[in-house]
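# A structural walkthrough
So you can see what is in the structure, the chains are spelled out below.
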Amino acid sequence: MAEQNSQIENITNIDSHLDYQAVIIGAGVAGIYQIKRLADLGVRALVLDANADLGGTWYNNRYPGARFDSESYTYSYSFSKEVLDEWHWTEKFSPQPETLQYLNFVADKFNLREYMQFNCWVESMVFDDEANVWTIHLADGRHITTRFVISGMGVLSTPTLPNFEGMASFEGKSFHASQWPHEPLDLTGKRVAVVGSGATAIQLIPEVAKVAKNLTVFQRRANWAAPLNNGPISMSEMDEIRERYDDIFATCARTPGGFEHEPDRRGFYDVSPQERRELWDRLYDEPGFGIWLQNFTDIFFDEKANAEFSDYIANRIRQRVKDPVVAELLIPKDHGFGVQRVPMETGYFETYNRDNVTLVDGATTPIVRVTPTGIETSEEAFEFDVIVYATGFDAFTGAFDHIDIQGANGARLRDKWQAGPVTYLGATVRGFPNFLMLVGPQTAASNFPRGAELSVDWVTPLLEFMWAHGYQRFDVDETAEAQWFQHVKDMYQGMLLRHAKSWFTGYNSNIEGHEHGKMRYNIYNGGGPRYARMLREAAENGYEGMYFR
Ligand code: NAP
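Residues numbered from 1 in each chain as written. Predicted model: local features only at pLDDT ≥ 70, side-chain atom pairs only at ≥ 80, totals over all residues. Heavy atoms only, no water.

## Details of the overall build of the chain
Assigned secondary structure in the chain consists of 16 helices and 20 strands. Here the C-alpha atoms of the chain give a radius of gyration of 24 Å, agreeing with the 24 Å that 2.2 N^0.38 yields for 549 residues. The principal-axis extent of the C-alpha atoms belonging to the chain is close to 70 × 60 × 45 Å. Restricting to contacts in the chain with at least 6 residues of sequence separation, those with at least 24 account for 71%. Carbon together with sulfur atoms contributes 47% to the accessible area of the chain, which is approximately 22,200 Å² in total. Of the charged side chains in the chain, 50 are positive and 75 negative, and the gap between their average positions amounts to 2 Å. (Helix = DSSP H or I, 4+ residues; strand = E, 2+ residues; numbered from the N terminus. Rg over C-alpha atoms; globule rule 2.2 N^0.38 Å. Contact = heavy atoms within 4.5 Å. Areas by Shrake-Rupley, 256 points an atom, 1.4 Å probe, with all protein chains shown as cover. Lys, Arg positive; Asp, Glu negative; His and termini not counted. Charge placed at Lys NZ, Arg CZ, Asp CG, Glu CD.)

Structure below.
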């Protein structure tokens, strides 16, 4: 490991002329752990968040049915034995209110709120090339100086709405699913529309259908989904989980996605069709992402293998949906299973057997406009009291684009990233000195807290290294960034997902420049263990690829 010094005489005194030594933007899963690490070191640090309270994703996404697709216990922070011992997850896949409670529990336990300021919208941040200092400009008129800025803004924090004609004219309630109202919204007896069929819609549709007078789902493209198989965690099961935590985190660290699910490394064609079927039958009934991540790796690369497995899932859908016409509409025809992020569902397909639920096929009868009373498609006018847009996010780069980030020589990050993100190790960007990203673009796609801890555990020693050496500025070497970007690109080669209309590839029909085919290399596909190794090696070699002054 590069020389570090956690015994710097008094870290707090460094850069005492600046407001803070480090500012973290975002009080979500990553920001909370980052501030914990900095607080432990005695760093003068601040967390800014645009929301009224902490929690990030889990503060925002409070739509009915919002819950983990990760096993709750693999979503735990691993850094504190005390937290692991004290916290009881009550469900295998924790619902949003419990997760938000968990994040509050952690923050309160370590008095982290005292470092946080809420309702703080960062408008711009400008790097002073002479002084090697960032100035952060807030919408409330304040300016904050700091040596380092650390983004904890998450990957899916900027919702995107469609651009339908007449949206503003709708006289009922309408909102993006991630901005579900905080005050209770009773949908009993209401006529509700959901636009979209991604992971969010697939969670909320069954819940809304239970109470609404009628629910109309506007699906533009079908999405593969598989059962979550959620269930409670009893006291004794939680005790067993606590015993296993070390093993759980060790397993997460060696699997590509940071879950307990380990891929089946047998060759798809090395086992008989009967054996394949037996594996899939078992995985379909097991909790969580196993059906995606414990599957044969060949399904991610080999069209034929993928098609065979997709047929298997299609037949499951046919068995669950009574109306064969609706079943066919719910089976994706434009992509195979697992090449987009797989939504996990609880009774999603059976929801379409209800009398109060209608599926509108956007491929044949697209939405034409929103009217004061509802939605018009190319064929029919519908009336609604509530419209929920579950239409996704400006993934990875959206949150950065919303801030005018000006680095060395006044260069703007949003210009550099116009055609997609370019980073070094998913953590830094050449030309943007002293700017760090937790789970930034081009980090390994992973169970979020596992990736967040990895990021924080890399960023924190880097700062210690700089303080120990009296460095005031880091930047990234041009060749190192170019090589990393090439490596990120290479990792997309051969993967079926590179053709997908998915936020993994930067597709978002609601943003100009994010059309299908304009590939944005948003994620690192080399898997968590390889990514962790590359981070570690860079650090061990004195932060290879970076230079300091
Ligand atoms: P998404 O997967 O991007 O899905 C957006 C949906 O809206 C798609 O069905 C899309 O159709 C549709 N849509 C977008 N614009 C439209 C338009 N103009 N007209 C008609 N339809 C439109 O977004 P998401 O469901 O919010 O999920 C995003 C990610 O968030 C997930 O992949 C997941 O990683 C994360 N998430 C996680 C959880 C969890 O862990 N439990 C839960 C929810 C979400 P097209 O497919 O045709 O573009």
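## Some thoughts on the packing of helix α7 (residues 273-285) against helix α9 (residues 303-320)
The contact between α7 and α9 brings their axes to 11 Å, and the two run at 50°. Between α7 and α9, the crossing angle belongs to the class labelled oblique. Taken as a pair, α7 and α9 cross one another with a handedness that is right-handed. When α7 is examined against α9, the residues Arg 276, Arg 277, Trp 280, Asp 281 and Tyr 284 are found in contact with a partner set consisting of Glu 308, Phe 309, Tyr 312, Ile 313, Arg 316 and Arg 320. (Axes fitted to C-alpha atoms, helices over the stretch in contact; angles between N-to-C directions. Parallel < 35°, antiparallel > 145°, perpendicular 65-115°, else oblique. Left-handed = near helix turned anticlockwise from the far one by under 90°.)

## Details of the sheet that holds strand β8 (residues 191-195)
One key point about sheets: their strands pair by backbone hydrogen bonds, in either a parallel or an antiparallel sense. A sheet is described by the order of its strands in space; here five strands give the open sequence β7-β16-β8-β9-β12, paired in parallel fashion. Looking at strand neighbours, the two that pair on one side only are β7 (173-176) and β12 (357-361), the edges of this open sheet. Strand-to-strand twist of the sheet, defined as the mean angle between neighbouring strand axes without regard to direction, takes the value 15°. Summarising the sheet, β7 and strand β16 (residues 386-389) pair through four bridges and their orientation is parallel. Residue pairing in the sheet places Phe 175 in a bridge with Val 388 of β16. (Pairing = 2+ DSSP bridges.)

## Notes on the sheet that holds strand β13 (residues 367-370)
Reading across the sheet, the three strands line up as β13-β14-β15 and stay open at both edges, with antiparallel pairing between neighbours. Two strands lie at the open edges of the sheet, namely β13 and β15 (381-383), each paired on one side alone. The sheet shows a mean angle of 20° between the axes of neighbouring strands, taken without regard to direction. Sheet topology places strand β14 (residues 374-377) next to β15; three bridges connect them, and they run antiparallel. Paired with Glu 376 across the strands is Ala 381, a residue of β15.

## A short note on the environment of Gly 545
Turning to its location among the elements, Gly 545 is positioned in the loop between α16 (528-540) and β20 (546-548). Taking relative accessible area as the criterion, Gly 545 reaches 17% and is therefore assigned buried. Remark: the alpha-carbon pair of Gly 545 and Val 476, spanning 69 residues in sequence, is separated by 6.0 Å. When neighbours within four sequence positions are excluded, Gly 545 is seen to be in contact with Tyr 424, Asp 475, Val 476, Asp 477 and Ala 480. (Buried < 20%, exposed > 50% of the residue type's maximum accessible area, 1.4 Å probe, protein only.)

## With respect to the confidence of the model for the chain
On average, the chain scores 97 in pLDDT, and the residues at 70 or more come to 99%. For the chain, helix α8 (residues 290-293) is the element with the lowest average pLDDT, namely 96, and β8 is the one with the highest, namely 99. Throughout residues 1-5 the model reports pLDDT below 50, and contacts reaching past four residues in sequence, or to other chains, amount to 14 contacts. (pLDDT = per-residue confidence, 0-100.)

## Remarks on the packing of helix α1 (residues 29-41) against helix α14 (residues 448-469)
The relative placement of two packed helices is expressed as an angle between their axes plus a distance between the axes. Across the interface, α1 lies against α14 with an axial gap of 9 Å and an inter-helix angle of 30°. In this view, α1 runs roughly parallel relative to α14, as classed from their interaxial angle. Judged by the sense of rotation from one axis to the other, the crossing of α1 with α14 is right-handed. Residue-level inspection shows Val 29, Ala 30, Tyr 33, Gln 34, Arg 37, Leu 38 and Leu 41 of α1 in contact with α14, the latter providing Phe 448, Pro 449, Ala 452, Glu 453, Val 456, Asp 457, Val 459, Thr 460, Leu 463 and Glu 464. Of the residues that constitute the contact of α1 with α14, the class distribution is eleven nonpolar, two polar and four charged. (Nonpolar A, V, L, I, M, F, W, Y, C, P; charged D, E, K, R; others polar.)

## Here we look at unusual backbone geometry
The phi dihedral of Asn 132 falls on the positive side, at around 55°, and the residue is not glycine. The topology assignment puts Asn 132 in the loop between β4 (122-128) and β5 (133-138). Phi is positive for Gln 442, close to 70°, though the residue is something other than glycine. Here Gln 442 falls in the buried class, since its relative accessible area comes to 0%.

## Quick word on the site of the ligand
In the vicinity of the ligand there are 25 residues, among which Arg 67, Ser 197, Thr 200, Arg 220 and Trp 503 approach most closely. At 3.1 Å from a nitrogen atom of the ligand is found a side-chain nitrogen or oxygen belonging to Gln 203. Arg 221 places a side-chain nitrogen or oxygen 3.0 Å from an oxygen atom of the ligand. Protein chains bury 85% of the 910 Å² of accessible surface belonging to the ligand in isolation. For the shell around the ligand, the leading source of residues is helix α5 (residues 199-211), giving three residues. When its residues are assigned to classes, the shell around the ligand shows eleven nonpolar, nine polar and five charged. (Near = heavy atom within 4 Å. Polar contact = N/O pair within 3.5 Å; in protein donor to acceptor, adjacent residues only side chain to side chain.)

## Some points on the nonpolar core
Counting 169 residues, the largest nonpolar core has Phe 435 and Trp 458 as its most contacted members. It is α14 that provides the largest number of residues to this core, a total of ten residues. (Core = buried A, V, L, I, M, F, W, Y, C linked by side-chain atoms within 4.5 Å.)

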